Amino acid sequence: MFASDKYIQCHVDSAYREFAAEENIKEVALAAGFQNPQILRNKLSLKHTHRLTVYELVKIVKASGNRCIIDGILLEVDCQPSQPYQDWQQAESQSFEDCLSQTYVELGTLSAIFSQVKQARGLTIDKRHQMIKRLNVLINEFRQLIQRVEDKCPISPLVEMGSTHSRLKAAS
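Residues numbered from 1 in each chain as written. Predicted model: local features only at pLDDT ≥ 70, side-chain atom pairs only at ≥ 80, totals over all residues. Heavy atoms only, no water.

1. Here we look at the confidence of the model for the chain
Chain-level statistics for the chain give a pLDDT mean of 80 and a share of 81% at 70 or above. When the criterion is pLDDT under 50, residues 1–7 qualifies, and its contacts beyond four places in sequence or with other chains add up to 0 contacts. (pLDDT = per-residue confidence, 0-100. Contact = heavy atoms within 4.5 Å.)

Here it is, written out as structure tokens:
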């Protein structure tokens, strides 16, 4: 009956634009095994009906190391962004303080982007992509911190039972 004035953001389309803007498509296409770089350009173009297959997506992510399209797909289905295994392996070799410092750095970077948007009094597509990218990195940093805390500070059943027993004793 009435047209909805709600804006629906297609995360996958935004991710395609971001990937095309960030990467050298010719190099990625050749490294991913496309016969012609124009094929990849067409598949990343929102105007063309031909889209990437899952296998092609895997090849270009492996060739470029850029997971923004995968993250766009995950956002589209209401999931958290991806995180490569090497991030976890690298975090395991860092101290807790180093991981926490890295999180502060990412938060500072995100804060600087927010300040730029506030000063410009508007959000451009580029700033939006920068914010989403920094937020994804920050989410991954927080995941690593949570994992570190869970690994280093496990809850011991004996400690829990002891404190519960002393609370029950004090209450009676």
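Alright, that's what it looks like, and here's the rest.
2. Considerations on the pattern of salt bridges
Inspection of the entire model under this criterion finds 5 salt bridges. A salt bridge links E18 to K133; the shortest N-O distance between them is 4.0 Å. You can see E18 sitting in helix α1 (residues 11–22) and its partner K133 sitting in helix α8 (residues 125–152), a full 115 residues away along the chain. Assessed through its relative accessible area of 9%, E18 is described here as buried. What makes K133 partly exposed here is its relative accessible area of 32%. (Salt bridge = Lys/Arg side-chain N within 4 Å of Asp/Glu carboxyl O. Helix = DSSP H or I, 4+ residues; strand = E, 2+ residues; numbered from the N terminus. Buried < 20%, exposed > 50% of the residue type's maximum accessible area, 1.4 Å probe, protein only.)

3. Considering the side chain of R143
Along the chain, R143 turns up in helix α8. One buried charge, R143, has no salt-bridge partner; the nearest side chain with opposite charge is D71, at 7.4 Å. Within polar-contact distance, the side chain of R143 engages the side chain of N140 at 3.1 Å. (Lys, Arg positive; Asp, Glu negative; His and termini not counted. Polar contact = N/O pair within 3.5 Å; in protein donor to acceptor, adjacent residues only side chain to side chain.)

4. Some words on the environment of V54
The residue V54 is located in helix α4 (residues 54–64) in this model. Between the alpha carbons of V54 and I70 there is a distance of 9.9 Å; along the sequence they are 16 residues apart.

5. Re a nonpolar patch on the surface
A contiguous nonpolar patch, built from F96, L100, Y104, L107 and V149 and spanning about 440 Å² of accessible area, is present on the exposed surface. The element that contributes the greatest number of residues to the nonpolar patch is helix α7 (residues 96–120), accounting for 4 residues. Assignment of secondary structure puts Y104 in helix α7. (Patch = residues over 30% accessible without salt bridge, like charges linked within 9 Å, V, L, I, M, F, W, Y side chains within 5 Å. Areas by Shrake-Rupley, 256 points an atom, 1.4 Å probe, with all protein chains shown as cover.)

6. Considerations on unusual backbone geometry
With a phi angle near 60 degrees, D78 is a residue other than glycine that sits in the positive phi range. The topology assignment puts D78 in the loop between α5 (68–76) and α6 (85–93). Take D78: its relative accessible area is 73%, and that puts it in the exposed class. Look at R121: it is not a glycine, yet its phi comes out positive at around 55 degrees. Along the polypeptide, R121 turns up in the loop between α7 and α8.

7. Remarks on the nonpolar core
Generally speaking, soluble globular proteins have nonpolar side chains that are buried together. Counting 17 residues, the largest nonpolar core has F19, F34, L40, L44, L52, I60 and I69 as its most contacted members. Mapped by element, the contributors of at least two residues to this core are α1, α2 (25–32), α3 (37–44), α4 and α5. Filtering out sequence-adjacent residues up to four positions away, I69 remains in contact with A15, Y16, F19, L44, L52, L57 and I60. Counting 5 residues, the second-largest nonpolar core is a separate cluster that includes I113, V117, M131 and L138. (Core = buried A, V, L, I, M, F, W, Y, C linked by side-chain atoms within 4.5 Å.)

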